[in-house]
Amino acid sequence: MKLTGIDMFKGLSNMELAKLLGMLEKQAFAAGTRLFRQGDPGDQMFIIEHGTIELFSSADDQVRRSLAVLGAGEVVGEMALLTGETRSAEAVAAEDCVLYVIDSKMFDRLVAENTIFSAYFIKLLSQRLIATNGRLQAAKKTESERIVSELGQLRERTTRFLLWCAHVPLVSKELAEHTFHFSLENEFAENPFLQQCFQDNPMTSEWLTLASGLKPVLNDISKERYGYEEMTAWVDKAISWYVARENWVAFIIVQGDKGNWPVALDTYARVGGKATDHQRAELFRLINRCPRELLAVNYPVLKIYIPYCEKNAPEIGLSVVEEALSYGSAFQPQDLLFLYERATELCRLAGKKNQALEYLRLADALASTLTAVKDEALNTDRAYGLAKQKLARKRSELLVQGAGRLLKGNRTAESAAVIAALLCIVLSFVLNPIGGLSEAGMRFIGIALAAVIMWIVPVIPDYVVALGMLMLWVLGGVAAPETAMSGFASSSWLFMIFIMAISAVITKSGISYRFALHALKRFPAHYRGQLWGIVAGGLLLNPMLPSSSAKVSLGVPMAQTLAESLGYDEKSKGASGLGLVAMIFFGFTAPFVMTGSYTNVMALGLAMNGKTVSWLQWFLYALPAFVIFGGVLLAVLLYMSRRIEPAKRVTGEVLNEQLRLLGPLTKDERVSLWTTIGCIGLMVLQPLHGIDSTWIMLLGFAVFVVSGVLDKQTISTGIDWTFLLFLGAAFSFAGVAGQLGIAELLSAFLGEHMSVFVESPALFLAAVIAVSFIVTLVIRDDPAVILLVTAIVPLGETIGIHPWVLVFIILLATDPFFFTYQSPTYLTAYYSTEGKSFSHRQAQKVALWYGLAVLLAAVLCVPYWKWLHLIS
């Protein structure tokens, strides 16, 4: 038979048939060949070109029974392919035949690309369904006629009893005898058919359960004879009888079967904990039929239901808990904590260890929030929202750590790094000093190179490498212990502790998120208006929260929420525009104010060598650069979104809902807000009172502790102590390098090889930016800043460039995102919405403009900095 004669291909043009023929696989089968067995997976279907296929069915290993013989043009095995179920019959070639074979992949492609195929299979399924329904109706009619005949042989009371059993959801023998005033034993003895109507032995079982398939037939008969009103009365009388005898388990089952779930759940919450193991199993089966939206928000029921699931059905319990957590704001904080703990245990029992860890972190986040506000009534929505924010930040941090480390987990690279680091250390101790270095200086360089290698290939944590570096300095005679540990005694290190503590309080309180939302709310509801709102929110938040990662983890998800409210799809131009604006103005503007990032303070502490720069001076020094940097990037982002029109306008409902979630200002927020404003104000006024920024931040720290806002738990978990260990070693690095004369030697070396750049400050700053971009290809984040500041600042001072200028340029230039792994800030922004806001490709277009903006800001500000005598 030709393809044109096969029903499945009718309607296709000759061209389409020709293309199809090239795609189909043709196979020949000898008579007697089995195509598939009953129960096999259905991964292929066959079209008969010529020959015949016979279908067989077998049950319980009995003799095969022939079902049909199919000939040329007919289809074999399509149902299993359509439904995904196993083969319902066995197919054997009745004679030599040729078949077209279509596998599941080809089948999906045919259906997706041509409506003729999908229409054919819809028609085929409809025909099969009509035939099946016809057979079922015929069988049901025959069965109904048989049962009516049997009922005609019974007394009226016995017939009524049987029909009554079909409609009352749960029938006990005692209830039946009470309702019909007879002895069941006598009735069963007199009517053998009656006993056949029930499962098991009705005289020994507790409940009377009709045989499978009999109940719907009897229900139809009872509707015709007695009507709905009387049948409803049967159930109501049964309920009253169970209540009178306080048989609450039966009461719950009957109410659930009626669909009266609120009453059933309320009763289950009161008595479910007192039920026997057998009764709990019955109630568990009933509660599983309850609509999830009712079960998931009923905490008293969940307290009984979930522990039972832990012992008997963890997968079911986990699905219910996850549904409940989607209604998080419906629960009190303590109830949410219970759900998180139960979800952790259910995940563990179900073998989902990663998910269990995630719920454990969420429980920990909420527990921290509850502990922090134990003396204050906590708004439920706010507690839930803060816990979710904390978990989201933790998840983003883990993703950023994984994405930003190129060689993590590469055993060969890790082994090579360890060998190279050890070799650097050994050679620095055994070789004679070179390049004018002292013996201690030679060892310092070797140990430093080993540390850099271990930072590039993170075999062990950065802070452990840093502490190991200090140890080797002391043991190798490079520096005395007090010198090696001097970084931990510096005022800059103390400043970092205090600023981290303030950051932890601000983050925990939720005031930063509220601040940004209020900024957005005060701008027009259209796309451009909200874009400007994001810019304003980022700028207002920048000096208050000294962590770029924390700020973008707030700003970018908020921008994605706005994008969804405006009707933009994920990664669309509109969504990416808002997301990238949030990333730039929440995260990449940190270098423009002293308190914008921890790294600012770290770099300043490494470079200033006794000199000071106040908060206000930093702000004024960086202001023109910000205007250039922000202007360039904002112009680019506005141009990229010039033709974007929202599908709908923001009505303010999203922002209002988010603000409602936070609730009214809490004590923590009030203290956080005014203390932070006070600290920034005092730092701005530093030229008047002369108090160092470290002691101003200590004052703010003291206020937080005395007010109870900064508690012991927040100090232990909210401050990154491992980073502070790394930072102390970094401050010591600069001190030891200066003491050994390393900085001067490095400056002389760089000056000799960069003489062409030294003559022009603008050219020199451009070279620093280029070097910084290149260094971040290998070393990123704080280690890159440390190396560049240590190497370049001394050289810059010799040619008349103030350390602040070089620190500022290095801070701007060590966070590029030409490649995704280069920037922790970028990775945090990307993963804070799980990649939904913008794609890497969209961001890379902005990355090029980011590099140009940094270059323009540096070069164009040279005259301004000369005017301020920062460049001579």
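All values reported here derive from a predicted model rather than from experimental measurement.

Engineer: So what's going on with the overall build of the chain? Residues and values would help.
Structural biologist: From N to C terminus, the chain includes 43 helices and eight strands. By the burial criterion, 52% of the 872 residues in the chain qualify as buried. Of all intrachain contacts in the chain linking residues separated by at least 6 positions in sequence, the fraction that spans at least 24 positions is 75%. About 39900 Å² of surface is accessible on the chain, with carbon and sulfur atoms providing 58% of the total.

Engineer: Pulling in residues and values, what's your account of the sheet that holds strand 3 (residues 44–50)?
Structural biologist: Strand order in the open sheet formed by four strands is 1-8-3-6, with antiparallel pairing between adjacent strands. Strand pairing shows two members of the sheet lacking a second neighbour, strand 1 (25–29) and strand 6 (75–76), which therefore form its edges. Pairing analysis gives five bridges linking strand 1 to strand 8 (residues 97–103), with the strands arranged antiparallel. Note that in strand 8 the partner of Lys26 across the bridge is Tyr100.

Engineer: Residue-level account of a positive patch on the surface, with values.
Structural biologist: A contiguous patch of positive charge, built from Lys573, Arg642, Arg643, Arg841 and Lys845, is present on the exposed surface. If you trace the backbone, Arg841 turns up in helix 42 (residues 840–860). What makes Arg841 exposed here is its relative accessible area of 66%.

Engineer: Break down the sheet that holds strand 7 (residues 90–93) for me, citing the residues and quoting the values.
Structural biologist: Strand order across the open sheet formed by four strands is 2-7-4-5, with antiparallel pairing between neighbours. Across the chains shown, the open sheet's two edge strands, defined by having one partner strand only, are strand 2 (34–36) and strand 5 (65–70). Averaged over all neighbouring strand pairs, the angle between strand axes comes to 30 degrees, with direction disregarded.

Engineer: Summarise the nonpolar core; cite the residues concerned and give the values.
Structural biologist: If you look at the biggest cluster of nonpolar residues, it comprises 153 residues, and the most contacted ones within it are Trp473, Met583, Ile584, Phe629, Leu765, Trp804 and Trp865. Among residues more than four places away in sequence, those in contact with Trp804 are Leu604, Met608, Val613, Trp618, Tyr621, Ala622, Trp865 and Leu870. Of all hydrophobic cores here, the second largest spans 85 residues; its members include Leu208, Val271, Ala281 and Phe331.

Engineer: Tell me what's going on with helix 31 (residues 667–684), and back it up with residues and numbers.
Structural biologist: Given a rise of 1.5 Å per residue, 18 residues ought to cover 26 Å, and the 26 Å separating the end C-alpha atoms of helix 31 matches this to within 8%. For helix 31, every residue scored as buried is listed here: Asp668, Glu669, Val671, Ser672, Leu673, Thr675, Thr676, Cys679, Ile680 and Met683.

Engineer: Describe the state of the cysteines, naming the residues involved and giving the relevant values.
Structural biologist: One covalent bond between the sulfur atoms of two cysteine residues makes up a disulfide. In this structure the tally under the stated criterion is zero disulfides. The structure places no disulfide on Cys197, whose sulfur is separated from the nearest cysteine sulfur, that of Cys165, by 9.5 Å.

Engineer: Run through unusual backbone geometry, naming residues and quoting values.
Structural biologist: Only a minority of non-glycine residues have a phi that is not negative, and only a minority of peptide bonds are not trans. Backbone geometry at Glu246 places phi at a positive 55 degrees, although glycine is not the residue there. Looking at the element boundaries, Glu246 is found in the loop between helix 9 (214–244) and helix 10 (248–258). What makes Glu246 exposed here is its relative accessible area of 57%. Here Lys571, not a glycine, exhibits a phi torsion of approximately 60 degrees, which is positive.

Engineer: Describe the packing of aromatic side chains, naming the residues involved and giving the relevant values.
Structural biologist: Within the structure shown, the criterion is met by 42 aromatic pairs. The interplanar angle of 80 degrees and the centroid separation of 5.1 Å between the aromatic rings of Trp164 and Phe180 together place this pair among those described as edge-to-face. Of this pair, Trp164 sits in helix 5 (residues 156–167) while Phe180 sits in helix 6 (residues 173–180), placing them 16 residues apart in sequence. Note on accessibility: Trp164 and Phe180 belong to one class, buried. With centroids separated by 5.9 Å and ring planes inclined at 10 degrees, the aromatic side chains of Trp615 and Phe619 adopt a geometry described as stacked. Here Trp615 and its partner Phe619 are both found in helix 29 (residues 615–640), four residues apart, which amounts to about one turn of the helix. Using a relative accessible area of 31% as the deciding quantity, one classes Phe619 as partly exposed.

Engineer: Describe the side chain of Thr675, with residues and values.
Structural biologist: Relative to the assigned elements, Thr675 resides in helix 31. Contact partners of Thr675, with chain neighbours within four places excluded, come to Gly700, Val703 and Phe704.

About the criteria used
Residues numbered from 1 in each chain as written. Predicted model: local features only at pLDDT ≥ 70, side-chain atom pairs only at ≥ 80, totals over all residues. Heavy atoms only, no water. Helix = DSSP H or I, 4+ residues; strand = E, 2+ residues; numbered from the N terminus. Buried < 20%, exposed > 50% of the residue type's maximum accessible area, 1.4 Å probe, protein only. Contact = heavy atoms within 4.5 Å. Areas by Shrake-Rupley, 256 points an atom, 1.4 Å probe, with all protein chains shown as cover. Pairing = 2+ DSSP bridges. Patch = residues over 30% accessible without salt bridge, like charges linked within 9 Å, V, L, I, M, F, W, Y side chains within 5 Å. Salt bridge = Lys/Arg side-chain N within 4 Å of Asp/Glu carboxyl O. Lys, Arg positive; Asp, Glu negative; His and termini not counted. Charge placed at Lys NZ, Arg CZ, Asp CG, Glu CD. Axes fitted to C-alpha atoms, helices over the stretch in contact; angles between N-to-C directions. Core = buried A, V, L, I, M, F, W, Y, C linked by side-chain atoms within 4.5 Å. Expected span 1.5 Å × (residues − 1). Disulfide = S-S within 2.5 Å. Phe/Tyr/Trp six-rings, centres within 6.5 Å; stacked < 30°, edge-to-face > 60°.

Keep in mind these numbers describe shape, not what the thing actually does.
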